[in-house]
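Observations on chain architecture
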Amino acid sequence: MKSSVLTRYRVMAYVTGVLLIVLTLSVIAEYVLHIDGASTATGIVGFAHGWLYVVYLIFAFDLCTKAKWPLGRMVWVLLAGTVPTAAFFVERRVSRELAPKVIGAEKVAEPVEV
């Protein structure tokens, strides 16, 4: 597996996680605290999170298929972008597991100098 597959998954996991936290805070500000302007923030952040979550799903699916994970594990990774802060924990665990495989694959692919 190429390192770019893991890198783009990691970037989208962080982006999705941050936007989901911001969305959660804006929903709390709108419906619990009744702050003026929070509905605008909720709409904008919700729209951004929704579209970027689709990108996250594509990259996470690509990662899971290249790692040859079973369906249950794939669903676990794909749903991490729907629970606030879960994307950070899942990303860390996935990165720890796949980093040695990526490094090993890159070492094998390097040309040997004569």
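Conventions used here
Residues numbered from 1 in each chain as written. Predicted model: local features only at pLDDT ≥ 70, side-chain atom pairs only at ≥ 80, totals over all residues. Heavy atoms only, no water. Helix = DSSP H or I, 4+ residues; strand = E, 2+ residues; numbered from the N terminus. Buried < 20%, exposed > 50% of the residue type's maximum accessible area, 1.4 Å probe, protein only. Contact = heavy atoms within 4.5 Å. Axes fitted to C-alpha atoms, helices over the stretch in contact; angles between N-to-C directions. Parallel < 35°, antiparallel > 145°, perpendicular 65-115°, else oblique. Left-handed = near helix turned anticlockwise from the far one by under 90°. Nonpolar A, V, L, I, M, F, W, Y, C, P; charged D, E, K, R; others polar.

Turning next to the overall build of the chain. Broken down by element type, the chain carries four helices and zero strands. N-terminal to C-terminal, the α/β element order of the chain is α-α-α-α. Counting all 114 residues of the chain, 33% fall into the buried class. A separation threshold of at least 6 residues defines the contact pool for the chain, and within that pool the share at least 24 residues apart is 72%.

Taken N-terminus to C-terminus, the directions of helix 2 (residues 38-67) and helix 3 (residues 71-78) make an angle of 150°; their axes are 9 Å apart at the nearest point. Here helix 2 lies roughly antiparallel to helix 3, going by the angle between them. In terms of crossing hand, the pair formed by helix 2 and helix 3 is right-handed. Residues Y53, Y56, L57, A60, F61, C64 and T65 of helix 2 form the contact with helix 3, whose participating residues are M74, V77 and L78. Tallied by class, residues from the contact of helix 2 with helix 3 come to nine nonpolar, one polar and no charged.

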